[in-house]
Amino acid sequence: MEIAVYPAGEPNSRAKKVDITVFGKHLGKVRYGEDEKNPASVLYHVCSASKTLGLILALADTTAGGAPKRSVLVAEGGKLLGITDELSANQSAFRLSKNIRVYHTSAGEIGVLSGADFYAYEPTRILTACGATFIVHLATFRKPQADIVGGALAYFNRVPVLSVSAGVAALYAENGELVYASPVNGTTLTVTPKKEKF
């Protein structure tokens, strides 16, 4: 699969369609139930861009029930497929169906992590156990141990992991090796997930 990464920006009007486009720049606030049809909203912008660019993942803040959350918007074909909220920010009871899921897309089975969830083993393990063949993580910050964690998550779960945070895109292969790390916008990466059977 081809993945276009924009660690600190957004695609320009000449960007070509790839399997997955990842916006690393924090896009602002999204209000559930209000922004889907508002042409000035972030959510509308992401969904519209997915008509020409294909599957899009973008980082934004969402509000549901009055509580702000760091979230990843997932859109394809002009429609919102879902929103993955950061688990570690959720102080209420853990609800698997609302916070973590594998997206069934034209690019394959994509698991999504938001924010600090990258630094815990369980979310990635749940996603791969549920069939994810590729993991995408988006966050505004990048801890010093990000490369060690990313490599370990990829290695122990035998799945490639792409982390885009703090203006840097990093790709970890199934063997745990860091195969790409750069702040350059518009780079296209080629990934062939080879999920092993246990």
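For clarity, every value in this text was computed on a predicted model and none was experimentally measured. All residue numbers refer to position in the chain's written sequence, counted from 1. Where totals are concerned, whole chains, interfaces and linings use all residues; where local detail is concerned, this predicted model gives features only for residues with pLDDT of at least 70, and gives and counts side-chain atom pairs only at 80 or more. With hydrogens and water set aside, each side-chain value is computed from the structure's full complement of heavy atoms.

> Help me understand the packing of aromatic side chains in this model?
How two aromatic rings sit relative to each other is set out by the distance from centre to centre and by the angle between their planes. A pair of Phe, Tyr and Trp rings is counted when the ring centres sit within 6.5 Å of each other, with Trp represented by its six-membered ring. The angle between the planes then sorts it: under 30 degrees is stacked, over 60 is edge-to-face, the rest tilted. Counted according to the given criterion, the structure contains 3 aromatic pairs. Taking the centre distance of 5.1 Å and the plane angle of 90° together, the rings of Phe-118 and Tyr-119 count as edge-to-face. Throughout this description, buried means an accessible area under 20% of the type-specific maximum (1.4 Å probe, protein chains only), exposed means over 50%, and partly exposed covers the range between. Judged by relative accessible area, Phe-118 falls into the buried class, the value being 0%. Relative to Phe-141, the ring of Tyr-119 lies with its centre 6.3 Å away and its plane at 15°, an arrangement referred to as stacked. A residue pair is termed long-range when its members are at least 10 positions apart, and Tyr-119 in the loop between β8 (108-114) and α3 (121-129) and Phe-141 in the loop between β9 (134-139) and α4 (146-157) qualify at 22 residues. Members of the aromatic cluster, joined through ring pairs, are Phe-118, Tyr-119 and Phe-141. Over a ring means this: the NZ of a Lys or the CZ of an Arg is within 6 Å of the ring centre and within 35 degrees of the ring normal. Geometry around Tyr-155 places Arg-158 over its ring, the cationic atom sitting 4.2 Å from the centre. Numbered from the N terminus, helices here are DSSP runs of H or I no shorter than four residues, and strands are runs of E no shorter than two.

> Got a minute to help me understand the pattern of salt bridges in this structure?
Where charged atoms of side chains with opposite charge meet at close range, the side chains can pair. Salt bridge criterion: a side-chain nitrogen from Lys or Arg within 4 Å of a carboxyl oxygen from Asp or Glu. Tallying each qualifying case throughout the model produces 4 salt bridges. Taking the shortest distance from any N to any O, the salt bridge between Asp-61 and Arg-70 comes out at 2.5 Å. Of the charged contacts, one joins Arg-142 and Asp-147 as a salt bridge, the two residues approaching to 2.7 Å between their closest N and O atoms.

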